[in-house]
Amino acid sequence: MDQKTRKLILEYVNENIDSFHLKRIEGLKKLKLTQLLGNKNPYLFRAKNLNRAADLMTALLDARLSSSEEGSFGGFLEDLAVYVSANTGGGYKSGAEGIDIEIVREKIRYLIAVKSGRNWGNSSQHAALRENFKRAVQVIRQRDKKVQLQPTLGICYGKFKTVNNGEYLHIGGQSFWNLISGDRDLYMDLIDPLGYRCEEHDKLFKQERDRSYKELTKEFIATFCSKDESINWRKLVQFVSGNLP
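Throughout what follows, the structure given in this document is the object of discussion.

Calculation rules
Sequence order as written defines the numbering, with residues in each chain counted from 1. Reporting in this predicted model follows two pLDDT cut-offs: at least 70 for local features of residues, and 80 or more for side-chain atom pairs to be given and counted; totals over whole chains, interfaces and linings ignore these cut-offs and use all residues. Heavy atoms throughout the structure, all of them, feed into the side-chain values; hydrogens and water do not. A run of H or I in DSSP becomes a helix once it reaches four residues, and a run of E becomes a strand once it reaches two; helices and strands are each numbered from the N terminus. Each radius of gyration is computed over the set of C-alpha atoms, and the globule rule expresses the reference value as 2.2 Å times the number of residues to the power 0.38. Buried, partly exposed and exposed residues are distinguished by accessible area as a fraction of the type maximum, computed with a 1.4 Å probe on protein chains only: under 20%, between the cut-offs, and over 50%, respectively. Note on definitions: a residue-residue contact is assigned when non-hydrogen atoms from the two residues lie within 4.5 Å. Per-residue accessibility takes into account occlusion by the displayed protein chains alone, with areas from the Shrake-Rupley method and a 1.4 Å probe. Charge assignment in this entry is limited to Lys and Arg as positive and Asp and Glu as negative, and neither His nor the chain termini are counted. Taken as the charge location is NZ of Lys, CZ of Arg, CG of Asp or CD of Glu. Throughout this description, the term nonpolar core refers to a set of buried Ala, Val, Leu, Ile, Met, Phe, Trp, Tyr and Cys residues connected via side-chain atoms within 4.5 Å. Pairs were defined over the aromatic rings of Phe, Tyr and Trp, the Trp ring being its six-membered one, requiring ring centres within 6.5 Å. Orientation was assigned from the angle between planes: stacked under 30 degrees, edge-to-face over 60, tilted for the rest. Throughout this description, the term charge over a ring refers to an Arg CZ or Lys NZ atom that lies within 6 Å of the ring centre and within 35 degrees of the ring normal. The term salt bridge refers to a side-chain nitrogen of Lys or Arg lying within 4 Å of a carboxyl oxygen of Asp or Glu. Following DSSP output, two strands are said to pair if at least two bridges run between them. Axes here refer to lines fitted to C-alpha atoms; in helices the fit is confined to the stretch in contact. Angles between the N-to-C directions go from 0 to 180 degrees. Handedness of a crossover is defined as follows: with both strands directed away from the viewer, a clockwise route from the first strand across the helix to the second makes it right-handed.

## What to know about the overall build of the protein
Counting its secondary structure elements, the protein contains nine helices and six strands. In summary, the protein has a C-alpha radius of gyration of 23 Å against a globular reference of 18 Å for 245 residues, an excess of more than 25%. Oriented by its inertia axes, the alpha-carbon framework of the protein measures out at about 75 × 45 × 30 Å. Counting the 245 residues in the protein, one finds 38% classified as buried. Considering only contacts in the protein between residues 6 or more positions apart, those separated by 24 or more positions represent 62%. For the protein, the exposed area adds up to about 14900 Å²; of that, 49% sits on carbon and sulfur atoms. When the 39 basic and 31 acidic side-chain charges of the protein are each reduced to a single mean position, those positions are 5 Å apart.

Put into structure tokens, the structure is as follows:
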């Protein structure tokens with residue numbers, strides 16, 4: 001990859017990583033106690049002896065942040081992959097449902113669905129991906145019967161061998177970034193700009209996290225605790241699961 005293209009990619013990372021950090025903070029500002037409690041398992045927390053409101057809220061908030069950050073950052077990586085492919089050899093955003101990138105390498109047209117990590121989706125989503133690949137292949141071959149097509153699941157990180165399962169190519173980590181960029185080292189070079197202004201962003205995030213924790217804990221104590229601030233588990237279970245009149 002020439003230095004001009006590499007510079008463009010690294011500048012894209014610098015400019016767009018801000019949006020990830022902003023989403024983290026905005027998510028905290030909008031978070032409601034009902035959202036935090038709605039789909040959680042009170043029986044598990046009771047069994048784990050989380051009897052103090054502070055401990056329970058810490059566990060709930062940490063789990064919520066971890067889940068939302070995985071999703072938000074996964075979206076950033078998937079968008080980055082599309083940008084890289086478009087700037088390193090003619091790749092482009094596909095118009096086919098469920099396909100993110102179309103790119104030609106050595107006369108093979110790759111139809112790539114991009115996922116940030118290997119642990120994505122449930123069985124229905126995996127089945128939908130297979131159907132999306134089949135449909136895209138059928139449509140393209142109606143126009144060009146001779147084209148060599150390779151449905152591909154591209155994973156942004158992970159150390160595993162490239163495998164063709166007969167339905168699609170499963171490729172990830174260094175091999176994936178090399179496929180869409182032609183650069184063996186890009187997967188490592190991307191790590192540096194991800195630290196752009198990270199200390200500044202982290203300071204703001206921690207301030208908002210501490211504020212949210214205090215507000216949510218205060219509301220939880222007022223709503224689900226007894227006068228001595230012990231958790232009223234029956235009231236909490238009723239809130240989460242009660243659905244009979």
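## Overview of the nonpolar core
The biggest cluster of nonpolar side chains holds 25 residues, and the ones touching the most others in it are Leu 80, Ile 112, Phe 176 and Trp 177. Sorting the residues of this core by element identifies helix H1 (3-30), helix H4 (53-87), strand S2 (101-105), strand S3 (108-115), strand S6 (169-172) and helix H6 (174-181) as the ones contributing at least two each. Looking at which element gives the most residues to this core, the answer is H4, with six residues. Among all residues touching Phe 176, those that are not within four sequence positions of it are Ala 81, Ile 112, Val 114, Gly 154, Ile 155, Cys 156 and Ile 171. Among the nonpolar cores identified, the runner-up in size contains 22 residues, and Ile 25, Leu 36, Met 57 and Phe 220 belong to it.

## Details of the packing of aromatic side chains
For the structure on display, the rule yields seven aromatic pairs. Ring centres of Tyr 12 and Tyr 83 lie 4.1 Å apart, and the angle between their planes is 15°; on these two criteria the pair is classed as stacked. Residue Tyr 12 is located in helix H1, and its partner Tyr 83 is located in helix H4; the two are separated by 71 residues in the primary sequence. Tyr 12 gets classed as buried once you look at its relative accessible area, which sits at 16%. Here the aromatic rings of Phe 20 and Phe 73 are separated by 5.1 Å at their centres, their planes lie at 70°, and the arrangement is edge-to-face. One end of the pair, Phe 20, is in helix H1; the other, Phe 73, is in helix H4, and 53 residues separate them in sequence. Over the ring of Trp 120 we find Lys 115, and its NZ or CZ is 4.6 Å from the ring centre. Above the plane of the ring of Phe 160 lies Arg 118, whose end atom (NZ or CZ) is 4.1 Å from the centre.

## Some details on the pattern of salt bridges
On inspection of all chains with the given rule, the structure shows 11 salt bridges. Between Glu 26 and Lys 29 there is a salt bridge, and its shortest N-O distance comes to 3.9 Å. Taken together, the positions of Glu 26 and Lys 29, both in helix H1 and three residues apart, correspond to about one turn of that helix. For Glu 26, a relative accessible area of 36% puts it in the partly exposed group. Among the residues examined, Lys 29 registers a relative accessible area of 46% and is labelled partly exposed. Two residues, Arg 52 and Asp 55, come together in a salt bridge whose shortest N-O distance is 2.9 Å. A relative accessible area of 33% means that Asp 55 is categorised as partly exposed.

## Quick word on the sheet that holds strand S4 (residues 148-155)
On the basis of which strands lie adjacent, the open sheet formed by six strands has the order S1-S2-S3-S4-S6-S5 and mixed pairing. Either end of the sheet is taken by a strand with one partner, and the two such strands are strand S1 (92-93) and strand S5 (163-164). Sheet topology places S2 next to S3; five bridges connect them, and they run antiparallel. The partner of Val 104 across the bridge, within S3, is Arg 109. Sheet strands touched by H6: S2, S3, S4 and S6. Its angle to S6, the strand with the most contacts, is close to 100°.

## Considerations on the pairing of S3
The buried fraction of S3 is high, at six of eight residues. Where S2 folds back onto S3 in an antiparallel hairpin, the turn is made up of two residues, including Glu 106, whose phi is positive at roughly 50°. Of the strand pairs in this sheet, S3 and S4 are connected by eight bridges, and their pairing is parallel. In the sheet register, Val 114 faces S4, and the bridge partner there is Gly 154. Once you follow S3 into helix H5 (residues 123-143) and on to S4, the crossover reads as right-handed.

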